[in-house]
Amino acid sequence: MKDEARQTRSHLMALFKQFGFNPRSDLGQNFLIDINLVEFAVRAAELKPTDIVLEVGPGTGGMTTFLAQQAGRVIAVEIDRNMFALAGHATAEYENVTLINRDILKNKNTLAPEISDLLKAEIATAPPGAELKLVANLPYSVATPVISNLVASDLPWTRMVTTIQLELAEKMIAEPGTSNYGALSVWLQSQCSVRILRRLGPKVFWPRPAVDSAIVSIWRHDGRGGRISDRVFFLDFVRRLFHQRRKLLRSVLVGMYSKQLSKPEVDELLAEMGHDQTTRAESLDVSSLVKLGNRFAEAVKAET
């Protein structure tokens, strides 16, 4: 069967009827049925024959076959046994596809070590110039932790092209002072360039989701990430800071580091960084938050 036929609504409905199960809403299984959009996402990743692709949630394997034709290696991770079997059937002729039936996440803050180790091994033996890229129609249920944790990992990824919920995409590109600006915005923008390539309505998926979606492209910028002195500290810093985004910056920081820093010490650090006691985290741009995080990392470590 041609790859194009695998992604049509009628084919998918017939396939599920044949095997006697339905898409699982709890796993965010909404399949992209517009083949032009599948091809658009794959093209946007600018894959080379040496590249290694991580695909999360391959579903029935429709996008996987396109990836296999463009990349040197595809590692597709599928948590659902039924989808794993269908994807295996669809990609049986592609020797460069490895399907893994497991959760991509160890927990909400960490990628599964087995997957990370496999990707590292693939990269270590790949030809010169090979890049690691995430290309996927990400299930809504895992989109945020997969993207955030891949950025947090030590994997040498270079680009991500994924379909995600539009609301999430808008949070990724949000600017200071807007309602969508938060920890995810700061974490990604401190190390990446994020762009919405295409907005998608529900009708290009089956089953149709209740929300709009988007295809986003995320580029790694090592120069930006290099400004962060301690990425583990900074990720915790922004998550906790924006957990109470409406509170004054001073109040939140005093509570966050009450065991390490006194109130006068927090006031001194804020004054040193040019922030007064009326400042809120949501008003600070990414660069200012990186500098603030670095300074507090230094101060906290000095007290421990």
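What counts and what doesn't
Residues numbered from 1 in each chain as written. Predicted model: local features only at pLDDT ≥ 70, side-chain atom pairs only at ≥ 80, totals over all residues. Heavy atoms only, no water. Helix = DSSP H or I, 4+ residues; strand = E, 2+ residues; numbered from the N terminus. Rg over C-alpha atoms; globule rule 2.2 N^0.38 Å. Buried < 20%, exposed > 50% of the residue type's maximum accessible area, 1.4 Å probe, protein only. Core = buried A, V, L, I, M, F, W, Y, C linked by side-chain atoms within 4.5 Å. Contact = heavy atoms within 4.5 Å. Phe/Tyr/Trp six-rings, centres within 6.5 Å; stacked < 30°, edge-to-face > 60°. Pairing = 2+ DSSP bridges. Right-handed = clockwise from strand over helix to strand, strands pointing away. Arc of directions from axis to C-beta.

Peer 1: Tell me what's going on with the overall build of the protein, and back it up with residues and numbers.
Peer 2: Broken down by element type, the protein carries 14 helices and 11 strands. For the protein, whose C-alpha radius of gyration is 21 Å, the value lies close to the compact-globule estimate of 19 Å for 304 residues. Summarising its shape, the C-alpha atoms of the protein cover approximately 70 × 45 × 30 Å along the three principal directions. Burial status across the protein gives 52% buried among its 304 residues.

Peer 1: An account of the nonpolar core is requested, with residue identities and associated values reported.
Peer 2: F237, L241, L253 and F296 are the most contacted members of the largest nonpolar core, which has 71 residues in total. Among the elements that take part in this core, helix α14 (residues 286–302) stands out by supplying eight residues, more than any other. Other than its neighbours up to four places away in sequence, F237 contacts L253, M256, Y257, L289, L292, G293 and F296. Ranked by size, the runner-up nonpolar core spans 25 residues in total, among them L37, V42, L47 and V161.

Peer 1: Could you give an account of the packing of aromatic side chains, naming the residues involved and the relevant values?
Peer 2: Each pair of aromatic rings is reported with the distance of its centres and the angle of its planes. The tally for this structure, following the rule as stated, stands at 10 aromatic pairs. Relative to F237, the ring of F233 has its centre 6.1 Å away and its plane inclined at 20°; by these criteria the two rings are stacked. Separated by four residues within a single helix, F233 and F237 lie in helix α11 (residues 231–243), roughly one turn from each other. Residue class for F233 comes out buried when judged on its relative accessible area of 13%. Accessibility expressed as a relative area gives 0% for F237, which makes it buried. Through pairs of rings, three or more aromatic residues link up here, namely W187, F233, F234, F237, Y257 and F296.

Peer 1: Break down the pairing of strand β4 (residues 97–101) for me, with residues and values.
Peer 2: Two elements, strand β3 (residues 73–78) and β4, share five bridges in a ladder whose sense is parallel. Bridging from a neighbouring strand, V77 pairs with I100 of β4. In this region the chain leaves β3, passes through helix α5 (residues 81–90) and returns to the parallel neighbour β4; the handedness of that crossover is right-handed.

Peer 1: Explain helix α2 (residues 9–19) to me, using residue names and the numbers behind them.
Peer 2: An α-helical turn contains 3.6 residues, so any two residues separated by three or four positions project in the same direction. All buried positions along α2 are accounted for by H11, L12, L15 and F16. Projected down its long axis, α2 carries its buried residues within an arc of 130°, all on one side. Looking at α2, the residues exposed on the side facing more than 90 degrees away from the buried face are S10, K17 and Q18. At the C-terminal side of α2, G20 shows a positive phi close to 75°.

No statement about biological role is implied by the geometric values presented.
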